[in-house]
Amino acid sequence: TIPAGVDDAESWAECLLKIAKVGDVCTVVGNAPSDSLARDLWGMHGKPNETCAVAELEIELLTGRTHQIRGQLAAMNFPLVGDVQYGGAVPSSSTLWQKNYGNKQNP
């Protein structure tokens, strides 16, 4: 599916992917543990208003290139945490994020 707002449909290179595994879905709103997780992920930047949960996914790419996973998930309103280019919030001030992902090039 070509996302809404794409001016040139020919430029949208679709990839096929399979969600092979979904880890625990953790809410980031509504109670003390959720609020704590949101603070750990986004720190002083704060949780994006539309975000209510996070989950770790294992993706199997069937066609296309790995960077297209980011665009495809964002087009379905599931941006990756930390992927600013495709709409994910930046958790750069978060101690948890820095410890686990801060030295990696891409989220």
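Provided above is the structure to which this section pertains.
These remarks concern the structure in this document. (Residues numbered from 1 in each chain as written. Predicted model: local features only at pLDDT ≥ 70, side-chain atom pairs only at ≥ 80, totals over all residues. Heavy atoms only, no water.)

**Focus: the side chain of S34**
The residue S34 is located in helix α1 (residues 32-42) in this model. Since its relative accessible area comes to 3%, S34 is described here as buried. Of note is the side chain of S34, whose polar atom sits 2.7 Å from the side chain of T27. In this structure the side chain of S34 is engaged in a polar contact, spanning 2.8 Å, whose partner is the side chain of N31. Each residue touching S34, except ones within four places of it in the same chain, is listed here: T27, V28 and V29. (Helix = DSSP H or I, 4+ residues; strand = E, 2+ residues; numbered from the N terminus. Buried < 20%, exposed > 50% of the residue type's maximum accessible area, 1.4 Å probe, protein only. Polar contact = N/O pair within 3.5 Å; in protein donor to acceptor, adjacent residues only side chain to side chain. Contact = heavy atoms within 4.5 Å.)

**Some details on the nonpolar core**
Residues V28, A38, L41, W42 and V54 constitute the largest nonpolar core, which totals five residues. With three residues, α1 is the single largest residue contributor to this core. (Core = buried A, V, L, I, M, F, W, Y, C linked by side-chain atoms within 4.5 Å.)

**Considerations on α1**
The set of residues buried in α1 consists of S34, A38, L41 and W42. Viewed along the axis of α1, the buried residues span an arc of 75°, placing them on a single side of the element. Pointing more than 90 degrees away from the buried face of α1 are the exposed residues A32, P33 and R39. Phi turns positive, to about 50°, at G43, one or two residues after α1. (Arc of directions from axis to C-beta.)

**Topic: the side chain of R70**
For R70, the location among the structural elements is in helix α2 (residues 67-75). Sequence-distant contacts of R70, defined by excluding residues within four places in its chain, comprise L80, D83, Q85 and Y86.

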